[in-house]
Amino acid sequence: MTLDPAIAARLKRNAEGLFTAVVQERGSGDVLMVAWMDDAALARTLETREATYFSRSRNEQWVKGLTSGHTQHVHSVRLDCDGDTVLLEVDQVGGACHTGDHTCFDADLLLGPEA
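Residues numbered from 1 in each chain as written. Predicted model: local features only at pLDDT ≥ 70, side-chain atom pairs only at ≥ 80, totals over all residues. Heavy atoms only, no water.

Operational definition: UniProt positions are given in the numbering used here, feature names are shortened, and annotations may be inferred rather than shown by experiment.
In the nomenclature of an unreviewed UniProt entry, the protein chain corresponds to Phosphoribosyl-AMP cyclohydrolase from the organism Mycolicibacterium parafortuitum. Listed in UniProt under the heading Subcellular location (unreviewed entry), the comment for the protein chain reads: "Cytoplasm". Quoted verbatim from the Function (unreviewed entry) field of UniProt, the annotation for the protein chain is "Catalyzes the hydrolysis of the adenine ring of phosphoribosyl-AMP."

Structure, rendered in structure tokens:
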């Protein structure tokens, strides 16, 4: 799968050809996770609506939930103003975090909300 040249031209990538993907749950607005994408992962995501990312440790693409069943159906993809981050709005099945938690941002707060 090849990324549309008009979309590719708008992206700013790091030295490894990657850009950040922020994943937000549709409905709740919860930020579920942050991952890396390359052009091919974004192209596959746009074509299939299955969230696809790039694993730096394995140096390969991976489809969220392919082995765990904790899938992400993508409803929208937006590019930020700098062109270096995409925002995916998804329906999450199961936990989004590799720990099994709903979100990767369930850890202890460093600074709590103001009263």
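**Points about the state of the cysteines**
What makes a disulfide is a covalent bond joining the sulfur atoms belonging to two cysteines. Heads up, the condition is: In this description, the term disulfide denotes a pair of cysteine sulfurs within 2.5 Å.
Taken as a whole and judged by the stated rule, the model has 0 disulfides. Left without a disulfide partner, C97 is nearest to the cysteine sulfur of C104, which lies 3.2 Å away.

**Some words on the pairing of strand β5 (residues 72–79)**
Just so we agree on the cut-off: Here, strands pair whenever DSSP counts at least two bridges between them. For helices the rule is a DSSP run of H or I covering at least 4 residues; for strands it is a run of E covering at least 2, with both sets numbered from the N terminus onward.
Sheet analysis places β5 next to strand β6 (residues 85–92), joined by 7 bridges and oriented antiparallel. Within the sheet, the bridge partner assigned to S76 lies in β6 and is E89. Taken together, β5 and the strand that follows it, β6, pair antiparallel across an intervening segment of 5 residues, in which G83 is found at a positive phi of about 80°.

**So, the pattern of salt bridges**
What counts here: Salt bridge criterion: a side-chain nitrogen from Lys or Arg within 4 Å of a carboxyl oxygen from Asp or Glu. Here's how the labels work: a residue is buried when its accessible area is under 20% of the maximum for its type, exposed when over 50%, partly exposed in between, all with a 1.4 Å probe on protein chains only.
With the rule as written, the count across this model stands at 4 salt bridges. For the salt bridge of D39 with R13, the shortest nitrogen-to-oxygen distance reads 2.8 Å. You can see D39 sitting in helix α2 (residues 39–48) and its partner R13 sitting in the loop between α1 (5–10) and β1 (19–25), a full 26 residues away along the chain. Using a relative accessible area of 23% as the deciding quantity, one classes D39 as partly exposed. Residue R13 is classed as partly exposed on the basis of its relative accessible area, which comes to 32%.

**A few points about the UniProt feature "binding site: Zn(2+)" (unreviewed entry) in the protein chain**
In the numbering adopted here, UniProt assigns the feature "binding site: Zn(2+)" (unreviewed entry) to C81, C97 and C104. In terms of the greatest pairwise C-alpha distance, the residues named above, spread along 24 residues, do not form a single cluster, extending to 26.7 Å across. Note on placement: C81 falls in the loop between β5 and β6. Since its relative accessible area comes to 35%, C104 is described here as partly exposed.

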